[in-house]
Amino acid sequence: METINYQNFRIEAENICVDYNGKVALYDANLRLKPGQICGLVGMNGAGKTTFFNALTGFVNISKGKIRINGESLRSAQKDQTIAYVPQSEGIDSQFPISVWDVVMMGRYGSMNIFRSPRESDVQAVKDAIERVDLTDHTSTPIGNLSGGQRKRTFLARAIAQRASILLLDEPFSGVDIRTEKLISELFIQFKNEGKTILLSTHDMIHVREFCDLVLLINKTVVAYGETSEVFTPENITTTFGGISPDFLFGPES
Amino acid sequence: MELCSFLTLDTFITDPLTHDFMRKALLMSSLVAAVCGFLSSYLTLKGWALMGDAVSHSVMPGVVVAYALGLPFSLGAFIFGVGSVALIGFIKQKSRVKEDTVIGLVFTGFFALGIVLVSKIKSNIDLHSILFGSPLGISLSDVKQTIFISLLVVILLSIFRKDLMLYCFDPRHAKTVGINVFFLHYLLLTCLSLAAVVGLQSVGIILVVAMLITPGATAYLLTDKFDNMTVISVLSAIISSLIGIYVSFWFDLETGGSIVLAQTFLFLFAFLFAPRYGILKKLFAGYK
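Rules used in this analysis
- Residues numbered from 1 in each chain as written.
- Chains lettered and ligands numbered in written order.
- Predicted model: local features only at pLDDT ≥ 70, side-chain atom pairs only at ≥ 80, totals over all residues.
- Helix = DSSP H or I, 4+ residues; strand = E, 2+ residues; numbered from the N terminus.
- Rg over C-alpha atoms; globule rule 2.2 N^0.38 Å.
- Buried ≥ 20, exposed ≤ 12 C-beta atoms within 10 Å, placed from the backbone.
- Contact = placed C-beta atoms within 7 Å.
- Pairing = 2+ DSSP bridges.
- Axes fitted to C-alpha atoms, helices over the stretch in contact; angles between N-to-C directions.
- pLDDT = per-residue confidence, 0-100.
- Nonpolar A, V, L, I, M, F, W, Y, C, P; charged D, E, K, R; others polar.
- Expected span 1.5 Å × (residues − 1).
- Parallel < 35°, antiparallel > 145°, perpendicular 65-115°, else oblique.
- Core = buried A, V, L, I, M, F, W, Y, C linked by C-beta atoms within 7 Å.
- Left-handed = near helix turned anticlockwise from the far one by under 90°.

1. Overview of the overall build of chain B
Along chain B, the regular secondary structure elements total 15 helices and 0 strands. For 288 residues, the compact-globule estimate of 2.2 N^0.38 gives 19 Å, and chain B sits close to it at 20 Å. Buried residues in chain B amount to 48% of all 288 residues. At a minimum sequence separation of 6, the contacts of chain B that also span at least 24 residues come to 71%.

Written out as structure tokens, the structure reads:
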């Protein structure tokens, strides 16, 4: 078991910029997260949330700034299977002809040989991961026959099987049933205790207050970042959402 | 009546086999169909039908130039196939024109260049056989080239089978766990160009895209497992080739067109009768 130094940063993003063909999607964004921290990423559609994730996974190149993962380069973090990405439901082809088992096994690909032939340890990791998300009965079900919540849990299992220490989750609670929501919440607590670092984007303000130690409000750049209790104020939220009051967006606060 | 007594199923199948050119055509077309069918699973899932159309048309000038220079035509085709994709990517990035428009204008441009070149370079190039295929008139050097390219594509696809599946399904995850997505993208394009090159001998440039997408689409309606999809796709491609060649032999029809029509019929069959995704099943499910 790796020993976790809770003082070192897991994620360090410094002044990162991303542009697509000259169109700026994100600029001067900073983020520092330690092991065991859960951070909420909040912003409007098009505010750069997915771009932020893409930058942290290396799916898009940053045009400026620096990203360090566990003090090392992104490239070596990819090699070490450090980061897992759990996509938004809309981000994947749910009619792709593969089963839950196949998807979760993809979490192991990075550490397999060139033919991606599973070893005993890979099979065990996949079994355990599927059990943790309570999908053992659906192991060989095609993903097209799953409910939205079950599909979300499949991708969560893939991240678990990968044994990543950083989890990036794009809208983990959107379109899921109550049972899945409860299961995901419980897993978050377990992940936190295991020292994993979690960055999740969400539209639901209640979830931010419930799980997130930290919150990162963005609108093309960082509007505010810090402890949820200090930063997640109506004023900041209003700024993030371009002047629309949070009451209007989410109903009056109780 | 006379035809019926003469043409039993037995003679229907064995008679053509007495001809050397027919044996060669059946073998070569089956090989080509298997290669294209294998690749077809990936292209249909990746949504690269239009890309397949573009690449297969763009190889035209390459074939003509290679013939004129006395080079293996697969080399010229390959260069122009990959070149067209590079050009599509470049124009898309540097202009505001939408991707499908760029694809359309690039491949028709290449194709037109090929036709103009054929008319200018006086040689023994048979435009008809390039456009419509000539599986019955395949030469010995073409046979060697076809076997070599086919084996190469099958080996590449077999080695990177799972990585390519992941690339089609979720490239972001592939990138996140350190798999070289750039390499896989160009690997798939390379295989596409090579498959188009061998496919055009069977059915010609105009119809080769059918070899690259129809078997995959048929298989997609019949299974929910990726490995099964690949097997069904390959089988349906081979069966269509055999049917097409036999039918064209007996009824004196254009061979390339017959092969593609056979593929289309297999697709329609699956579309109607597929156990889970066929429309008849859906109709009956509606009445319950």
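2. Concerning the sheet that holds strand β1 (residues 11-20) of chain A
Remark on secondary structure: sheet strands pair via backbone hydrogen bonds, oriented parallel or antiparallel. All names here are of chain A. Judged by pairing direction, the sheet is antiparallel, and its 3 strands sit side by side in the order β2-β1-β4 without closing on themselves. Each edge of the open sheet is held by one strand with a lone partner, namely β2 (23-33) and β4 (64-69). For this sheet the average axis-to-axis angle between neighbouring strands, irrespective of direction, equals 25°. Pairing between β1 and β4: 5 bridges, direction antiparallel. Across the sheet, Ala13 pairs through a bridge with Ile67, a residue of β4.

3. Some points on the pairing of strand β7 (residues 197-201) of chain A
Residue and element names in this part refer to chain A. Across the 5 residues that make up β7, a large majority, 5, are buried. Burial along β7 is two-sided: Thr197, Leu199 and Ser201 facing one way and Ile198 and Leu200 facing the other are all buried. Sheet topology note: the strand β3 (residues 38-42)/β7 ladder contains 4 bridges and is parallel. Each bridged residue has a counterpart across the sheet, and for Leu41 the counterpart in β7 is Ser201. Strand direction decides the pairing type here: strand β6 (residues 166-170) and β7, joined by 5 bridges, are parallel. Within β7, the residue paired with Leu168 across the bridge is Leu199.

4. Looking at the confidence of the model for chain B
All names here are of chain B. Here chain B shows a mean pLDDT of 90. Residues at 70 or above account for 95%. Between the elements of chain B, mean pLDDT differs from a low of 51, seen in helix α1 (residues 2-6), to a high of 97, seen in helix α9 (residues 161-169). The ipTM for the predicted assembly is 0.92, set against a pTM of 0.91.

5. Notes on the interface of chain B and chain A
With 21 residues of chain B in contact, the opposing surface of chain A contributes 25 residues. Mapped onto the side of chain B that touches chain A, the elements with two or more residues apiece are α9, α10 (171-176) and α13 (226-251) of chain B. When the residues that make up the side of chain B that touches chain A are grouped by side-chain class, the tally is 9 nonpolar, 5 polar and 7 charged.

6. Here we look at the pairing of strand β9 (residues 222-227) of chain A
Residue and element names in this part refer to chain A. Two strands pair when backbone bridges link them, and strand β8 (residues 214-218) and β9 are joined in this way by 5 bridges, in the antiparallel orientation. From the neighbouring strand, Leu214 faces β9, where its bridge partner is Glu227. In textbook terms, the turn of a hairpin is the stretch between consecutive antiparallel strands, and for β8 and β9 this stretch comprises 3 residues, one of which, Lys220, has a positive phi near 70°.

7. Some details on the environment of Gly70 of chain B
All names here are of chain B. Within the secondary structure, Gly70 sits in the loop between α4 (49-69) and α5 (73-94). On the neighbour-count criterion, Gly70 (7 C-beta atoms within 10 Å) is exposed. Spatially, the C-alpha atoms of Gly70 and Leu9 are 44 Å apart, while their sequence positions differ by 61 residues.

8. Description of helix α11 (residues 181-203) of chain B
With 23 residues, α11 of chain B extends 32 Å between its outermost C-alpha atoms, agreeing within 8% with the 33 Å of an ideal straight helix rising 1.5 Å per residue. One or two positions beyond α11 of chain B, positive phi appears at Gly204 of chain B, with a value near 90°.

9. Topic: the packing of α9 of chain B against α11 of chain B
Residue and element names in this part refer to chain B. Axis separation between α9 and α11 bottoms out at 10 Å; the angle between their running directions is 100°. Taken together, the axes of α9 and α11 are roughly perpendicular relative to one another. Contact residues: α9 offers Asp163, Leu164 and Tyr167, while α11 offers Val181, Leu184 and Leu188. Here the residues of the contact of α9 with α11 sort into 5 nonpolar, no polar and 1 charged.

10. Focus on the nonpolar core
Ranked by size, the top nonpolar core spans 158 residues in total, and within it Cys39 and Leu168 of chain A together with Val35, Leu39, Ala195 and Leu212 of chain B carry the most contacts. If sequence neighbours within four positions are ignored, Leu168 of chain A has contacts with Phe53, Leu56, Thr57, Ile83, Tyr85, Val86 and Leu199 of chain A.

11. Structural notes on the sheet that holds β6 of chain A
Residues and elements named next belong to chain A. Strand order in the open sheet made by the 6 strands is β5-β6-β7-β3-β8-β9, with mixed pairing throughout. A single partner strand is all that each edge strand has here, and the edge strands are β5 (83-86) and β9. On average, adjacent strands in this sheet sit at an angle of 15° to one another, irrespective of strand direction. With 4 bridges connecting them, β5 and β6 associate as parallel partners. Considered in β6, the bridge of Ile83 is made with Ile166.

12. Notes on the packing of α4 of chain B against α11 of chain B
Residues and elements named next belong to chain B. Running from N to C, α4 and α11 point in directions that differ by 60°, and their axes come no closer than 9 Å. With respect to α11, the axis of α4 lies oblique. Where α4 crosses over α11, the two elements pack in a sense that is right-handed. Together, Gly52, Val55, Ser56 and Val59 of α4 and Leu192, Ser193, Ala196, Val197 and Leu200 of α11 make up the contact between the two elements. Among the residues forming the contact of α4 with α11, the class breakdown is 6 nonpolar, 3 polar and no charged.

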